[in-house]
Amino acid sequence: MPSQPQTPRAYKTLAFLLRPILFAITRRDWQGAENLPDGGFIAAANHVTEVDPVTLAHFLYDQGRAPKITAKASLWKVPVLGGLLTRTGMIPVHRGTAGAAQSLVDSTARLHEGECVVFFPEGTLTRDPDGWPMVGKTGVARLALASRAPVVPIAQWGAHRLLAPYGKVFKPIPPKQVAVHAGPPVDLSDLYDRPQDTATLREATERIMAAITSQLEEIRGEKAPAERFDLRRRPGMEDRA
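Residues numbered from 1 in each chain as written. Predicted model: local features only at pLDDT ≥ 70, side-chain atom pairs only at ≥ 80, totals over all residues. Heavy atoms only, no water.

Novice: What is the right way to read the packing of aromatic side chains from this model?
Specialist: Centre-to-centre distance and the angle between the planes together describe a pair of aromatic rings. According to the stated counting rule, one finds two aromatic pairs in the structure shown. Seen in terms of ring centroids, Y11 and Y61 are 6.0 Å apart; in terms of plane orientation they differ by 10°. Their pairing is stacked. Remark: Y61 occurs in helix α2 (residues 52-62) and Y11 occurs in helix α1 (residues 9-25); sequence separation between them is 50 residues. A relative accessible area of 6% places Y11 in the buried class. Taking the relative accessible area as the measure of exposure, Y61 reaches 22% and is therefore partly exposed. Geometrically, the ring pair formed by W30 and F59 is edge-to-face, given 5.6 Å between the ring centres and 80° between the ring planes. Remark: F59 occurs in helix α2 and W30 occurs in strand β1 (residues 26-31); sequence separation between them is 29 residues. Residue classification places F59 among the buried positions, given a relative accessible area of 0%. Over the ring of W132 we find R220; its NZ or CZ atom is 3.9 Å from the centre of that ring. The ring of W157 has R220 sitting right over it, with the charged end atom 4.0 Å from the ring centre. (Phe/Tyr/Trp six-rings, centres within 6.5 Å; stacked < 30°, edge-to-face > 60°. Helix = DSSP H or I, 4+ residues; strand = E, 2+ residues; numbered from the N terminus. Buried < 20%, exposed > 50% of the residue type's maximum accessible area, 1.4 Å probe, protein only. Lys NZ or Arg CZ within 6 Å of the ring centre and 35° of its normal.)

Put into structure tokens, the structure is as follows:
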């Protein structure tokens, strides 16, 4: 398994253009780079605002990794953006369709090639009123247990000050403090040989979400709610994106 796959030229070009802008509009608190494996791994992060994928990619790129981010397939239909996502190797997720499993196949292949694959386990922006991680979906657990790739929990906070959740007004001035902290890989080894039934997938998912939440508590200096926000118990709050 290669440890450092070749970065697509389009990816390098995009990073060359975006990084100076991000350096200008953010004040960065990057921590936990020592927890990123050399080979393929899953970066599992919380999701507060639409800007999160960009700031998370900035953190990972600064550590020498060009992450492949899973994103809803509808973005590939957006002119220009769709082509850019394809050329940079991002991974489409076909939600609620017969092709939904293809994202796991594609992600597994990237992991075996030594890539860093980014998942937002919540599946959408958090609906927790205070921005804490919600109950996660089981896609990242399926990928982790099938591939046995390390899962690095990453908490991020501050990008929502650039763009509020579902906001329309970007606020780059003054520069915003953005923290991205990576924790040690989540231990799922005792679950590898269990049947991948609902109980096992939920256990793995909750371990991942708990690790992300713990990292976020450190960043914010606060304790998260004892009960995680659950979209399944809140009818009418489905993904607006």
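Novice: Teacher, can you tell me more about helix α4 (residues 102-112) here?
Specialist: Residues that lie three or four places apart on an α-helix share one face, since the helix turns once every 3.6 residues. Those residues of α4 not exposed but buried are S103, S107, T108 and L111. Buried residues in α4, looked at end-on, bunch into an arc of 135°, giving them a common side. Buried residues belonging to α4 abut β2 (41-45), β3 (68-72), β4 (91-93), β5 (116-119) and α5 (139-147). G114 occupies a position one or two residues after α4 and carries a positive phi of about 90°. (Arc of directions from axis to C-beta. Contact = heavy atoms within 4.5 Å.)

Spatial relationships are all this shows, so hold off on functional conclusions.
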